[in-house]
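Now for the letters of each chain:
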2 protein chains.
Amino acid sequence: MSLNLDKTEKNEHLYMQIYHYYRNLILEHKLLPGSKMPSLRKCARELKLSRTTIENAYLQLAADGYIISKAQSGYYVTNIAARQTPIQSPGITRQPACRYDFASSGADRESFRFDLWRRYIKSAFRQDERLLSYGEPQGEADFRQVLSEYIRERRNILCSPDDIVVGAGVQSLLHILCPLLKDKNTVSFPTPSFVQGSTVFRDYGFDVRYRNKDSGVIYVSPAHMTKWGDIMPISRRLELIRYAAEHNSLIIEDDFENEFVYLQKPTPSLHSLAGGQGIVYIGSFSRLLLPSIRISFMVLPEPLKSAYLQKAACYNQTASKAEQIALCQFIRDGHLAAQTRKLKRLYSVKLKKLLTTVEVIFGRDSRIQIGDAGTSLALTLPVSLTGKELKEKTREQGLRIQTLKETPGEVTVILSCSSMPAEDFPPACRILHEVCSRYPVQGAYS
Amino acid sequence: MSLNLDKTEKNEHLYMQIYHYYRNLILEHKLLPGSKMPSLRKCARELKLSRTTIENAYLQLAADGYIISKAQSGYYVTNIAARQTPIQSPGITRQPACRYDFASSGADRESFRFDLWRRYIKSAFRQDERLLSYGEPQGEADFRQVLSEYIRERRNILCSPDDIVVGAGVQSLLHILCPLLKDKNTVSFPTPSFVQGSTVFRDYGFDVRYRNKDSGVIYVSPAHMTKWGDIMPISRRLELIRYAAEHNSLIIEDDFENEFVYLQKPTPSLHSLAGGQGIVYIGSFSRLLLPSIRISFMVLPEPLKSAYLQKAACYNQTASKAEQIALCQFIRDGHLAAQTRKLKRLYSVKLKKLLTTVEVIFGRDSRIQIGDAGTSLALTLPVSLTGKELKEKTREQGLRIQTLKETPGEVTVILSCSSMPAEDFPPACRILHEVCSRYPVQGAYS
């Protein structure tokens, strides 16, 4: 291979050299669509580089669409690339590829049955007549019917399809809901971390507070009270409902990650405990299906429902009609329930494995927080770096982490097990441990 | 057939009797999934009813998902229906089926190559890795790249992919744009008809006016100035740009229906005339592809782009990732350009046919307005009904129309040719003419 590598550069630049080398070959049609890329092993041997460096280059090529991986076979050059002029400027979310990702809330590669979902999408795209017209502003009627049955069965929520509004994600729903709350001007969130929610309320002029129940609107995710999956106990749920009713506050119950509550029995929804009074219930599918499927829904209580119906025709539907049709049939056929059971089992096992790995590798030098739900744990590490520095240092080693908070000499990171394969937990944790040991706080990592 | 029809009821109730009869057969499993429905001709003969009545019933059954039409074969019972509990309450947009629809801006049945689009969707859903992660907040990078090239070529708009923000429809884009316009509090629209736009601005506290160029934001659709397709002449475009620049107003150029301008040469976009300064350019695909595909984009000028980039991570992408991937490749392969040419030709021919039909049937009793763009004409009719009454009376005869305005003794209706097959123009116009002749204004329809 005629590749002049500048090995004096830092490691993270090496993989970009490989990346550019192959990208140019592809763009110059020297590597043709369909041709197989050299195996990681072979490429690493020839270039005298680590397999990880090559893999990082390949991952970046794949992320940019130049090559595609085929299971048990390797990487192949796409035909997309051949026609493409190179992307000059990186998008705002463009990041160099990383080998291990503890920060992603994406789905587990093994968990989703693409073949099955593709069949439902294909069937939806056969409904030519239906796709020739605009979607119903409120969401497809048959889909809302199925949703109302689904949440009645699983969350004991009694509502009619007419109480349900569908949208492309929670923000799209809040864009409809906020203008209906003219009599409110304050909103409380449990933590500052859900910026997507607080941003929308701020955009509409709301005063945003945290953990302040004397607010006109109280936004809660009872199955996701903290990043590490604490859930709200029944007693506090009942107390919250009582307090909100007395003070005429509206509760928005975002049932995020409710499906991943690992208790014996699922905790009842606020909506069911309150008999639907004064509660807007929000549900999503991004974590149950694919993150790329943008379908959420809300259940509106009176008088918000009547207020909405008066304006309904002023808002176009944002969620894909075809994906609504596909998901409707997918739920009817029982696949969503099956997928939920499967994911809950999978994440429960993975989270335990991650916990064990973390305990073994970090031992008594760290503090671990873990709740009854979710796919993450919080790990507080003694280190003489700031959170930002720790993120950068681990990133250089191919590991992405998310930091939650920091005090001098301590950083708390959130490790999500959802998208990382379990066999990667030990090497990923070792990278984090190794970086921390390089920057010790007096007394730690002795 | 054991169907007791109550023929004393009005016609529009007869088809609902047929509808309920078949729906019950399907729900009671007396008509099994996959079985063929009797042909329209046969059913009409046996029940001694008009074919139109039967067809209306079948259309309603199909709209509710109980049966499905197969090309050149007839209607079949779906398996959806067998499992479904009947939909009790009609959704807000649920309407009885109608035979002829002049009010729909849906696509022409013949114009869209479903087979082709399905192939692109299928290919997008094969990109498993990509669908396992959330979409980029700003829109997929390769898609924005393709969009920037497309609008440079077709509309002479020079921008980088980083200036483009993708969203599920114009409203989703305005939800991101409006909060960036803190220094503005007034917006002007050309007419009150685009409620989807004015609603969003009102929701953010803007004072909404019409045709008032002394506003902080001026929203215009230069290729769709009126419902009947008047376009903004170059001289007024230049004047608008100059005035807006002098008064520090922001122009939002919604290039809606620009593709259907039937002049010799396309009129330059405001964005290109102004060199991009002080203009937000908005484009959509609903009318070029399928109305059910919710993908729009906007091009942000400085300093709005910088302001957006600071908040970008706070907004999740609303448009379907799979549909972005599919559309990206569809454009790259030249199909969008081909589809646009085809539709422009088709709508140009259909609109002329509709004009001729209207002239022949309504003759000198009416006034016709028609512009240089779009898929609609305006028809002012002498009639002693209100607009609402005229809509109801024609609806009873199976025709849906949209009214624009009314004065005593006159109603102006908008007839869209886009989704109606050309062979339906004469019967549809005759229904409208017949209703009007039943309620004459003195001197007209003599």
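Below, the structure is looked at part by part. These numbers were taken from a predicted model, which means no experiment stands behind them.

### Section: the overall build of chain A
If you tally the helices and strands in chain A, you get 16 helices and 15 strands. For a compact globule of 446 residues, the expected C-alpha radius of gyration is about 22 Å, and chain A comes in at 24 Å, within 12% of that figure. When the accessible area of chain A is evaluated, it comes to approximately 18800 Å², of which 50% is carbon and sulfur surface. Treating the 59 positive side-chain charges of chain A as one cloud and the 46 negative ones as another, the clouds have centres 5 Å apart.

### Re the relation of the copies chain B and chain A
Mapping chain B onto chain A leaves a residual RMSD of 0.2 Å; the transformation is a rotation of 180° accompanied by 0.1 Å of translation along its axis. Here the two chains are linked by the operation of a two-fold rotation axis. When the interface residues of chain B are mapped onto chain A, 100% of them again fall at the interface, so both copies present the same face.

### Points about the sheet that holds strand β8 (residues 250-254) of chain A
Residues and elements named next belong to chain A. Taken together, the seven strands give an open sheet; going across it, the order is β4-β10-β9-β8-β7-β5-β6, and neighbouring strands pair in mixed fashion. Only two strands of the sheet have a single neighbouring strand rather than two, namely β4 (164-167) and β6 (207-210). Strand-to-strand twist in this sheet, taken as the mean axis angle between neighbours without regard to direction, amounts to 20°. For β4 and strand β10 (residues 296-299), the ladder comprises four bridges, and the chain directions are antiparallel. By the bridge assignment, I164 is partnered in β10 with V299. The strands that helix α9 (residues 195-203) touches are β5 (186-189), β6, β7 (217-220) and β8; relative to β6, the one it contacts most, it runs at about 145°.

### So, the pairing of strand β8 (residues 250-254) of chain B
Residue and element names in this part refer to chain B. β8 sits mainly inside the fold: five of its five residues count as buried. Residues of β8 alternate between two faces, with L250, I252 and D254 on one and I251 and E253 on the opposite face, all of them buried. Both strand β7 (residues 217-220) and β8 contribute to a ladder of four bridges, which runs parallel. Within β8, the residue paired with V217 across the bridge is L250. In this fold, β7 hands off to helix α10 (residues 234-246), which returns the chain to β8; that crossover is right-handed.

### Thoughts on the packing of aromatic side chains
According to the stated counting rule, one finds 29 aromatic pairs over all chains in the structure shown. When the centroid spacing of 5.2 Å and the interplanar angle of 80° are considered together, the rings of W117(A) and F330(A) count as edge-to-face. Note that W117(A) is positioned in helix α5 (residues 114-124) and F330(A) in helix α13 (residues 321-332), a separation of 213 residues in sequence. For the pair formed by W117(A) and F330(A), the shared burial category is buried. Ring centres of Y204(A) and Y204(B) lie 4.2 Å apart, and the angle between their planes is 10°; this geometry places the pair in the stacked category.

### Some thoughts on the interface of chain B and chain A
Every contact between the two is made by 77 residues of chain B and, on the other side, 77 residues of chain A. Both faces considered, chain B and chain A share a buried interface measuring about 6700 Å² in area, 53% of it formed by carbon and sulfur atoms. At the surface where chain B touches chain A, the tally comes to four salt bridges. As a salt-bridge pair, K311(B) and D203(A) come within 2.9 Å of each other at their nearest N and O atoms. Along the contact surface separating chain B from chain A lie 25 residue pairs in polar contact (both at pLDDT 80 or more). Taken together, the residues that form the side of chain B that touches chain A break down as 29 nonpolar, 25 polar and 23 charged.

### Notes on the sheet that holds strand β12 (residues 376-382) of chain B
Residues and elements named next belong to chain B. Taken in spatial order, the four strands of this open sheet run β11-β12-β15-β14, and their pairing is antiparallel. Edge strands, defined here as strands with exactly one partner in the open sheet, are β11 (367-369) and β14 (402-407). Taking the axes of each pair of neighbouring strands and ignoring which way they run, one obtains an average angle of 20° across the sheet. Where β14 and strand β15 (residues 410-416) come together, five bridges link them in antiparallel fashion.

### Section: the side chain of E323(A)
Within the secondary structure, E323(A) is located in helix α13. If near-sequence neighbours (up to four positions away) are discounted, E323(A) is found in contact with W117(A), I121(A), I293(A), R294(A), I295(A), F125(B), S320(B) and A322(B).

### Examining helix α7 (residues 141-155) of chain A
Residues and elements named next belong to chain A. The terminal C-alpha atoms of α7, which comprises 15 residues, lie 21 Å apart, in line with the 21 Å expected from a rise of 1.5 Å per residue. With eleven of its 15 residues buried, α7 lies for the most part within the structure. Among the residues of α7, A141, D142, F143, R144, Q145, V146, L147, S148, Y150, I151 and R155 are the ones counted as buried. A positive backbone phi angle near 60° is found at N156, which sits one or two residues after α7.

### Description of the environment of S69(A)
Residues and elements named next belong to chain A. Counting through the fold element by element, S69 comes out in strand β1 (residues 67-70). Here S69 falls in the partly exposed class, since its relative accessible area comes to 37%. Linking S69 and N56, residues 13 residues apart in sequence, is a C-alpha distance of 13 Å. Filtering out sequence-adjacent residues up to four positions away, S69 remains in contact with G74 and Y75.

Each value, and the rule that gives it
Residues numbered from 1 in each chain as written. Chains lettered and ligands numbered in written order. Predicted model: local features only at pLDDT ≥ 70, side-chain atom pairs only at ≥ 80, totals over all residues. Heavy atoms only, no water. Helix = DSSP H or I, 4+ residues; strand = E, 2+ residues; numbered from the N terminus. Rg over C-alpha atoms; globule rule 2.2 N^0.38 Å. Areas by Shrake-Rupley, 256 points an atom, 1.4 Å probe, with all protein chains shown as cover. Lys, Arg positive; Asp, Glu negative; His and termini not counted. Charge placed at Lys NZ, Arg CZ, Asp CG, Glu CD. Least-squares fit on C-alpha atoms with pLDDT ≥ 70 in both. Contact = heavy atoms within 4.5 Å. Pairing = 2+ DSSP bridges. Axes fitted to C-alpha atoms, helices over the stretch in contact; angles between N-to-C directions. Buried < 20%, exposed > 50% of the residue type's maximum accessible area, 1.4 Å probe, protein only. Right-handed = clockwise from strand over helix to strand, strands pointing away. Phe/Tyr/Trp six-rings, centres within 6.5 Å; stacked < 30°, edge-to-face > 60°. Buried area = accessible area lost by both parts, 1.4 Å probe. Salt bridge = Lys/Arg side-chain N within 4 Å of Asp/Glu carboxyl O. Polar contact = N/O pair within 3.5 Å; in protein donor to acceptor, adjacent residues only side chain to side chain. Nonpolar A, V, L, I, M, F, W, Y, C, P; charged D, E, K, R; others polar. Expected span 1.5 Å × (residues − 1).

Such coordinate-based values are descriptive only and should not be taken to indicate function.
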